[in-house]
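Topology and contacts: notes
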Amino acid sequence: MEGSSAEAALSVSANSIRITDVTQDGDVLTFAIASQKLNSSAGVCVFRMYEDFDWLQQSLFSEENLPGLQGIIFPPLPSKALPSQSNTQTKALKQLGFLALGQDWQSYCKALEFYLQQVAAHPTLCKCKALDSFLINSESPGKQRGRKGIFNRLSQAVEEMRKESHKDVDNFFQNERNKNTNLAASSKVATEKLLDVVMTEQKLAVACGHFATSLHLCVNQDDAAAVAFSKVCLKLSDVIEAVKRNYEKVASNNLSTLGLGLDLESRYQESEKEMLFRRTCKLIELETVRKGTEKAKANKREVMEAFQKAVEKEFNLISSVAKQEIERFHSSRVKVLKTFLIGWCELQLNTAKEFAELYSQHLEACRNMYSE
Amino acid sequence: MAASSERSPPPFPDSEEPELLEDSDDGADAFTGTSISQMDSPKDIFSEPPEDISSDPLSNINSDPQKKVDAKIPSPSSDEADLFSEPLDDDSKVMSSPEVQNPLPDLLNEPVEAPKSGVLGEPPVHKSSSVKKAASAEMFGDDDDEEDLFKEPPKVVTKKPQPSGPAVDVFTEVKVKPPVPKPSASSSSSSRTNGVHSEEQDLFSEATVELSLDSPRNDRKKDAVKPSVSAPAAPEASSSSRAPSKTLEELEEEESEDKFDLNISVTNPEKVGDGMNAYMAYKVSTQTSLTMFRSKTFTVRRRFSDFLGLFEKLSEKHSQNGYIVPPAPEKSILGMTKVKVGKEDPSSAEFVERRRAALERYLQRVVSHPSLLQDPDVREFLEKEELPRAVSTQTLSGAGFLKMLNKATDAVSKMTIKMNEQDVWFDEKIQDVENEEQHLRKLHVMVESLVNHRKELSGNTALFAKSVAMLGSSEDNTALSRALSQLAEVEDRIEQLQQEQASNDFFTFSELLADYIRLLGAVRGCFDQRMKAWQRWQDAENMLQKKREAEAKLLWANKPDKLQQAKDEIAEWEAKVTQYEREFERISATVRKEVIRFDKEKARDFKRQIIKYLESVLHSQQQMIKYWEAFLPEAKAIA
């Protein structure tokens, strides 16, 4: 896919793409996207809204002159965030999962950033003009509406479900489909369970906060014994505050590393699923055409055969692109998960050390104060 | 003498204790950590302090051992002090004490001969003290210490006599007075008191030293008193030396500082019987050296109603005198029914554990109350093989109904009594108590919510661990798969930690708060008793007034035959008034004393619990660190 091609390569470096800021105006989020130009040290900064991201994705889906487009595993775009006041947290959680948590849409921006980086790093997709114009043009491209390309959402119609379980002709692909089904399900569940853990950690932190403040109620300076007891209560309050901060940190660590990682993994598995489904549909089409050709009467046969050949060619192209995509996907997702796991472990380790130190100081102080 | 110049000689016990008390806190920082953690093993004190001392800078040593010992076993330390103070001017005296003689002869002779053999630093001083401790410890049956410590006599010896000033206070702090040689030792100490002390008193009277003087002050008072007291068995059973000749202040000091040598544990809940007649029997084990018990360790089996029966008896006898009788753990029909029916699920196991812990705390509170401990019912409860079944504790019995009625009438009468409070302390105190009860209830609710969240977190972590395990098993890449299953294991272990934390929160705080809410109820009860006593007194006064009026009427109506009766009645009521007034004063004094003791206990209890909590939280955190450190290489190994 490298080498001369009709489309120009991306003019900015994929790694330098960053979402540096996000502003909220009522219902609308505006993202500031910065990137570094490849052939100069100049940077570019543009402002985009979710509609622009959507436009980009649709443009990628409907890219012409890309053979075997249907075999590409498209980087998944996060759903649209609805920051309106009427949107309660539960709704946001259902819609966005982990991306709804975190301060000031940090996680959401990170996810969008990943999306752009992955599109830019994709050997084929990076050449799409749409990406370049998205990243560089000061004019937001969202006003133009491209045509809807290949469908990108599995509908729940019974017919689609049946197609999904259609047996494959190729072992490689059958295996991949099975694995993908398992992985997609497991990673979705793991993401949800981690989300539950993080929510509980946050609730625990809030409860600690309440307890810590209530301890201040017990302060009473009437006599020596009361003063002693008050001191004890205040000390306990400090300790519980520390516990609260501990849980807040642990929750935010979970969120910013493993949470994001599992969320990304889960969405990518869905994307692979869609690609495999597209190929399966093509396979079914091919088989249907073959059957039709066999049954065709002599006069229609040549036409049918020509048609069949075209479909076969398409199918083979899709399959070969898919194979490459699958291999690329496998190696990159392992790398990505590794990075997230290491980052998560290191963060949690540091937090644990930091708080062990803090607790140890509190313990020392208590023992000194209370050595009667 | 570097040593003595660095450390100003310690003042004598009778002077400047209050200031020194505060100083001691500052000076003992280095050691208090270890000392408190060693709170539970008196014997360890003898083996550990020396090592600690020797490793520490000079400036701390003076105060530290004293502080440590102070925190742990004041009375043993007092005895040692006697031993060590003796050689200062009269080693032979120490020699004369039979037990001390054998282990110490060589050591004690040399120090006297080599008064200034150079500054060896504090450690040798304390080594000798530890040697002496070993000597005295020997009397208490601790032979091992002795041998180890005696290996270092040379060092010890040379330094010992040098800082005679500090040595006095170090040794006096740390000494344990052996029972047998006491007469001679005490006599020598008193003679020393006469001779040396007066000198030292002059030297030390202006000294300021970072010392905790609780123990020494106590010890020296005890020294003064001890000669007249016959020693109890092991000095470690310090609390048992409540000789009648001690003054009330000393008794109170002892109560607050001595370590109780009465350990009670409630263990081994076992189901006895079947069906609805089944009950849980608990093993109540007592370990003590108090002389009022028949033996040193004994075990009995008790059931829950026995505990309630004990409470009933104590309450009947003592609460009307203004004592705060610790309330027994609450009944729980639901919990017990589950147990009776034989449901073997975690919630009934949790219930039994909770009750067992509550019963243990209840007994510990009862025995730590000095007056209640003297009650024969308590002794009987701990010692007697079989107790008669306490039927009056059943809710649905005749006695139960009677109790409910009494409670109701009490409540009504409380509302109608309007006490004319002379002492504003009581007014303020009852207000404080009521406020505090409110606050504690609020706190209790918070802690319960905290415990629930922790349980929820533990559940969610377990689910997450399972989902990660599934993810790992679906994974093709071996390194990633292995890392994920490792992660699942880490999360499982974290879940264990979280469960422990939940139960830690629960027992450390939730149960503590619940206990104190009930205790505050008992405190309010004793204030009510005082009010009743006041009412009785007032009623008697009114009656007396009436009788006097009746007498006056009779006089005026001139009926001499009834006059004698009237005079008799007046005398009778006068006596009653005096009696009730005295009772009221007595109750007021008791209530006051009880509340002060209660407040101190409460602060101490909470302090202990915070430290316990912090220790457990710290431990969890350290475990987490281990888990994360183990996982990191696995994550890095993913290829």
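Quick caveat: nothing in here was measured; it's all calculated off a predicted structure.

Examining the overall build of chain B
Counting its secondary structure elements, chain B contains 25 helices and three strands. Of all 639 residues assigned to chain B, the portion counted as buried reaches 53%. Look at the contacts in chain B between residues 6 or more apart in sequence, and 79% of them connect residues 24 or more apart. As presented, chain B carries roughly 28,400 Å² of accessible surface, and 53% of it is formed by carbon and sulfur atoms.

A word on the packing of aromatic side chains
Within the structure shown, the criterion is met by 23 aromatic pairs over all chains. Ring centres of Trp425(B) and Phe426(B) lie 4.9 Å apart, and the angle between their planes is 85°; this geometry places the pair in the edge-to-face category. Feature note: the residues Phe31(A), Phe53(A), Trp105(A), Tyr108(A), Tyr115(A) and Phe134(A) constitute an aromatic cluster, connected by ring pairs. Seen from the ring of Trp425(B), Arg592(B) lies directly overhead, with NZ or CZ sitting 4.6 Å from the centre.

Some details on the interface of chain B and chain A
Contact residues are listed per partner, giving 63 residues for chain B and 66 residues for chain A. In this assembly, chain B packs against chain A so that about 6,000 Å² is buried in total across both faces, 75% of it on carbon and sulfur atoms. If you look at where chain B meets chain A, you find six salt bridges. When the shortest N-O distance is used, the salt bridge between Glu456(B) and Lys203(A) registers 3.1 Å. Summed over the shared surface of chain B and chain A, the result is eleven residue pairs in polar contact (both at pLDDT 80 or more). Looking at the side of chain B that touches chain A, the elements with two or more residues in it are helix 3 (29-37), helix 6 (63-72), helix 23 (424-474), helix 24 (478-557) and helix 25 (560-636) of chain B. Per-class residue counts for the side of chain B that touches chain A are 31 nonpolar, 13 polar and 19 charged.

Observations concerning the environment of Phe307(A)
Residue placement: Phe307(A) occurs in helix 8 (residues 298-369). When the C-alpha atoms of Phe307(A) and Arg290(A) are compared, they prove to be 9.5 Å apart, with 17 residues separating the residues in sequence.

Points about unusual backbone geometry
Positioned with a positive phi, Asn268(B) is a non-glycine residue whose angle comes to about 55°. One can find Asn268(B) in strand 1 (residues 262-272).

Notes on empty space enclosed by the protein
Enumeration over the complete set of coordinates arrives at seven cavities of 30 Å³ or more. In this structure, the largest cavity occupies an estimated 300 Å³ of space. Around the largest cavity, the lining comprises 24 residues; the ones closest to its centre are Tyr247(A), Val250(A), Ile494(B), Gln498(B) and Met624(B). Every element with two or more residues in the lining of the largest cavity is listed here: helix 6 (171-215), helix 7 (224-295) and helix 8 of chain A together with helix 23, helix 24 and helix 25 of chain B. For the lining of the largest cavity, the residue count by class is 13 nonpolar, eight polar and three charged. Within this model, the second largest cavity holds a volume of roughly 120 Å³.

Considerations on the side chain of Glu113(A)
Here Glu113(A) lies in helix 3 (residues 106-121). Reaching out from Glu113(A), the side chain makes a polar contact with the backbone nitrogen of Ile19(A) at a distance of 2.9 Å.

Section: the sheet that holds strand 2 (residues 28-36) of chain A
All names here are of chain A. Read across the sheet, three strands follow the order 1-2-3 without closing on themselves; strand pairing throughout is antiparallel. Pairing within the sheet leaves two strands with one partner each, and these edge strands are strand 1 (18-25) and strand 3 (43-49). Averaged over all pairs of adjacent strands, the angle between their axes in this sheet comes to 20°, without regard to strand direction. The sheet contact formed by strand 2 and strand 3 spans seven bridges and is antiparallel. Across the sheet, Ser35 pairs through a bridge with Val44, a residue of strand 3. Taken strand by strand, helix 3 contacts strand 1 and strand 2, and its axis lies near 135° from that of strand 1.

A closer look at the confidence of the model for chain B
All names here are of chain B. Mean pLDDT over chain B works out to 67, with 56% of the residues at or above the 70 mark. Note that residues 1-259 has pLDDT below 50 and, in this model, 454 contacts with residues that lie over four places away or in other chains. Scored by ipTM, the complex comes to 0.89, with pTM at 0.69.

Topic: the confidence of the model for chain A
Residues and elements named next belong to chain A. Of all residues in chain A, 91% have pLDDT values of 70 or greater, and the mean over the chain is 85. No element of chain A has a lower mean pLDDT than helix 5 (residues 158-164), which averages 69, and none a higher one than helix 6, which averages 92. Long-range and interchain partners of residues 1-7, a stretch whose pLDDT sits below 50, account for eight contacts in this model, where long-range means more than four residues apart. Note on residues 152-156: pLDDT is under 50 here. Beyond four places in sequence and across chains, it has nine contacts.

Some points on the side chain of Lys244(A)
Residues and elements named next belong to chain A. Among the structural elements, Lys244 can be located in helix 7. No salt bridge is formed by the buried Lys244; the nearest opposite charge belongs to Glu241, separated by 4.0 Å. Here Lys244 is in contact with Ala205, Cys208 and Gly209, once residues within four sequence places are set aside.

Quick word on the sheet that holds strand 2 (residues 279-288) of chain B
Residue and element names in this part refer to chain B. Sheet architecture is open: three strands sit in the order 1-2-3, paired in antiparallel fashion. The open sheet has two free edges, formed respectively by strand 1 and strand 3 (297-303), since each of these has just one partner strand. Between one strand axis and the next, the sheet turns by 20° as a mean value, whatever way the strands run. In terms of strand pairing, strand 2 meets strand 3 through seven bridges, oriented antiparallel. Bridge pairing links Gln287 to Thr297 in strand 3. This element, helix 19 (residues 346-368), spans strand 1 and strand 2 of the sheet and lies at about 150° to strand 1.

What about the environment of Ala502(B)?
Inspection of the secondary structure puts Ala502(B) in helix 24. For Ala502(B), a relative accessible area of 4% corresponds to the buried category.

Notes on the nonpolar core
With 111 residues, the main nonpolar core has Leu341(A) and Trp628(B) as its most contacted residues. Of all the elements in the fold, those that place two or more residues in this core are helix 6, helix 7 and helix 8 of chain A together with helix 23, helix 24 and helix 25 of chain B. Per-element accounting of this core gives the leading share, 26 residues, to helix 24 of chain B.

The rules behind each value
- Residues numbered from 1 in each chain as written.
- Chains lettered and ligands numbered in written order.
- Predicted model: local features only at pLDDT ≥ 70, side-chain atom pairs only at ≥ 80, totals over all residues.
- Heavy atoms only, no water.
- Helix = DSSP H or I, 4+ residues; strand = E, 2+ residues; numbered from the N terminus.
- Buried < 20%, exposed > 50% of the residue type's maximum accessible area, 1.4 Å probe, protein only.
- Contact = heavy atoms within 4.5 Å.
- Areas by Shrake-Rupley, 256 points an atom, 1.4 Å probe, with all protein chains shown as cover.
- Phe/Tyr/Trp six-rings, centres within 6.5 Å; stacked < 30°, edge-to-face > 60°.
- Lys NZ or Arg CZ within 6 Å of the ring centre and 35° of its normal.
- Buried area = accessible area lost by both parts, 1.4 Å probe.
- Salt bridge = Lys/Arg side-chain N within 4 Å of Asp/Glu carboxyl O.
- Polar contact = N/O pair within 3.5 Å; in protein donor to acceptor, adjacent residues only side chain to side chain.
- Nonpolar A, V, L, I, M, F, W, Y, C, P; charged D, E, K, R; others polar.
- 1 Å grid on protein atoms, 1.4 Å probe; cavity = no way out; pocket = protein on both sides within 12 Å on 5 of 7 lines; lining within 4 Å.
- Points joined across faces, edges and corners; volume = space filled by probe spheres on them.
- Pairing = 2+ DSSP bridges.
- Axes fitted to C-alpha atoms, helices over the stretch in contact; angles between N-to-C directions.
- pLDDT = per-residue confidence, 0-100.
- Lys, Arg positive; Asp, Glu negative; His and termini not counted.
- Core = buried A, V, L, I, M, F, W, Y, C linked by side-chain atoms within 4.5 Å.

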